[in-house]
Amino acid sequence: MSVQSVERALDVLEALAEHGGEAGLSEIAARTGLPYGTIHRLLRTLLARGYVRQESDRRYALGGGLVRLGGIAESMVGVWAQPYLAKMVELSGETANLAVLEGDFIVYVAQAPSPRRLRMFAEVGRRVLPHSTAVGKVLLAGRPASEAVAVFERTGMPRRTPNTITGLTAMLAELERVRTCGYAMDLGEEELGVHCLAVPVWDGDRVVAAMSVSGPAERIDWLDRDELAEGMRKIALDFGNELSPVAGGS
């Protein structure tokens with residue numbers, strides 16, 4: 001049984017998030033379908049609790065109170081992901097990672113290392129730009145093309161290696177390929193000699209995270225990509241079901 005006021009407050013927060021963290025009252029109303037008076041009352045409570053702040057131009061933005069909650073939630077997701085990452089290591093023999101999109105950056109939130117002596121390592125908490133990573137491509141492929149374009153325009157898509165895709169047209173075509181085949185590749189685009197395959201983690205109809213395996217280029221290239229991706233998608237689907245509130249029966 002849902003509580004209407006809680007649902008509406010969450011709708012307001014999600015509306016702000018979907019507008020890049022900041023929106024005017026009319027934009028919130030258009031996204032939520034709520035009356036202005038209701039939105040005002042919700043915002044007053046969220047302002048008082050620090051989950052929303054009001055800017056000098058009277059627009060509303062996500063507040064610092066969410067940072068603490070987000071940090072704790074992110075660490076918990078990393079704990080929950082460990083058994084699934086371990087399955088990906090078993091499947092591929094390579095290091096497995098979990099990453100999320102925070103603003104314009106990809107953040108690695110969990111990792112399970114390969115048992116091999118020569119293995120890849122992405123520090124948990126590391127932030128990278130999305131255009132040069134498989135996890136970044138998966139996460140942006142799960143967003144509307146307009147959102148991806150906005151991210152690329154803000155970041156500038158700098159060249160990390162000679163293999164990095166730096167053209168907007170080429171990157172949009174790459175994201176469309178990701179949507180079609182259901183996985184993304186990083187072929188030495190972030191670091192030469194390192195290849196990576198990533199798949200999305202779905203929560204309902206939203207891509208909320210990406211899971212990947214990465215290793216030396218010659219070992220990743222030796223694997224059957226489609227077969228590996230299929231196995232990884234099954235693991236990611238199970239993980240997404242655990243994250244989903246519907247799966248919990250609530």
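Calculation notes
Residues numbered from 1 in each chain as written. Predicted model: local features only at pLDDT ≥ 70, side-chain atom pairs only at ≥ 80, totals over all residues. Heavy atoms only, no water. Helix = DSSP H or I, 4+ residues; strand = E, 2+ residues; numbered from the N terminus. Rg over C-alpha atoms; globule rule 2.2 N^0.38 Å. Buried < 20%, exposed > 50% of the residue type's maximum accessible area, 1.4 Å probe, protein only. Contact = heavy atoms within 4.5 Å. Areas by Shrake-Rupley, 256 points an atom, 1.4 Å probe, with all protein chains shown as cover. Lys, Arg positive; Asp, Glu negative; His and termini not counted. Charge placed at Lys NZ, Arg CZ, Asp CG, Glu CD. UniProt positions renumbered as here; feature names shortened; annotations may be inferred. Core = buried A, V, L, I, M, F, W, Y, C linked by side-chain atoms within 4.5 Å. Patch = residues over 30% accessible without salt bridge, like charges linked within 9 Å, V, L, I, M, F, W, Y side chains within 5 Å. Salt bridge = Lys/Arg side-chain N within 4 Å of Asp/Glu carboxyl O. Phe/Tyr/Trp six-rings, centres within 6.5 Å; stacked < 30°, edge-to-face > 60°. Lys NZ or Arg CZ within 6 Å of the ring centre and 35° of its normal. Pairing = 2+ DSSP bridges. Axes fitted to C-alpha atoms, helices over the stretch in contact; angles between N-to-C directions. Parallel < 35°, antiparallel > 145°, perpendicular 65-115°, else oblique. Nonpolar A, V, L, I, M, F, W, Y, C, P; charged D, E, K, R; others polar.

**Student:** Describe the overall build of the protein chain, listing the residues and the values that go with them.
**Tutor:** What the protein chain contains, in helices and strands, is 9 helices and 9 strands. Taking 250 residues into account, the globule formula puts the C-alpha radius of gyration at 18 Å, and the protein chain, at 19 Å, falls close to it. For the protein chain, the spread of C-alpha atoms along the three principal axes comes to 60 × 40 × 30 Å. When burial is assessed residue by residue, the protein chain has 47% of its 250 residues classed as buried. Here the contacts in the protein chain between residues at least 6 apart in sequence split such that 55% fall between residues at least 24 apart. Accessible surface for the protein chain amounts to roughly 13000 Å². Of this, 55% is attributable to carbon and sulfur atoms. Once the 27 positive and 32 negative side-chain charges of the protein chain are each reduced to a mean point, those two points are 4 Å apart.

**Student:** Summarise the UniProt feature "domain: HTH iclR-type" (unreviewed entry) in the protein chain; cite the residues concerned and give the values.
**Tutor:** The UniProt feature table records "domain: HTH iclR-type" (unreviewed entry) at residues 3-64. Taken end to end, residues 3-64 is 60% helix and 13% strand, and its two terminal C-alpha atoms sit 25 Å from one another.

**Student:** How would you sum up the nonpolar core? Please name residues and give values.
**Tutor:** Ranked by size, the top nonpolar core spans 29 residues in total, and within it Leu 85, Met 88, Leu 98, Leu 197, Val 199, Met 211 and Phe 239 carry the most contacts. Where this core is concerned, the elements lending two or more residues are α4 (65-92), β4 (95-102), β5 (105-112), β8 (194-203), β9 (206-216) and α9 (225-243). Beyond its immediate chain neighbours, meaning those up to four positions away, Leu 197 contacts Ala 134, Tyr 183, Ala 184, Met 185, Met 211, Ser 212, Val 213, Arg 225, Leu 228, Ala 229 and Met 232. By size, the runner-up hydrophobic cluster in this structure holds 25 residues, among which are Leu 140, Met 171, Leu 175 and Cys 196.

**Student:** Quick one: what's the story with a nonpolar patch on the surface, residue by residue and with numbers?
**Tutor:** A cluster of nonpolar residues, Val 3, Val 6 and Leu 10, forms a patch on the protein surface that exposes about 250 Å² of accessible area. The topology assignment puts Leu 10 in helix α1 (residues 4-18).

**Student:** Can you explain the packing of aromatic side chains? Please cite residues and give values.
**Tutor:** For the structure on display, the rule yields 1 aromatic pair. The interplanar angle of 45° and the centroid separation of 5.2 Å between the aromatic rings of Tyr 84 and Phe 239 together place this pair among those described as tilted. Placement of the pair is Tyr 84 in helix α4 and Phe 239 in helix α9, with a sequence separation of 155 residues. The cationic tip of Arg 177 hangs over the ring face of Tyr 183; the distance from NZ or CZ to the ring centre is 5.9 Å.

**Student:** Lay out the sheet that holds strand β2 (residues 52-54) in plain terms, naming residues and giving numbers.
**Tutor:** Reading across the sheet, the 3 strands line up as β1-β3-β2 and stay open at both edges, with antiparallel pairing between neighbours. At either margin of the open sheet sits one strand with a lone partner, and together these are β1 (22-23) and β2. Relative to strand β3 (residues 60-62), β2 is paired through 3 bridges, and the arrangement is antiparallel. By the bridge assignment for β3, Arg 53 is matched with Ala 61.

**Student:** Residues and numbers for the packing of α1 against helix α3 (residues 36-49), please.
**Tutor:** A pair of packed helices can be characterised by two numbers: the angle between their axes and the separation between those axes. Remark: α1 packs on α3, axes separated minimally by 10 Å, with the N-to-C direction vectors making an angle of 85°. Relative to α3, α1 is oriented roughly perpendicular. Listed contacts from α3 to Ser 5, Arg 8, Ala 9, Val 12 and Leu 13 of α1 are Thr 38, Leu 42, Leu 43 and Leu 46. Its residues assigned to classes, the contact of α1 with α3 comprises 6 nonpolar, 2 polar and 1 charged.

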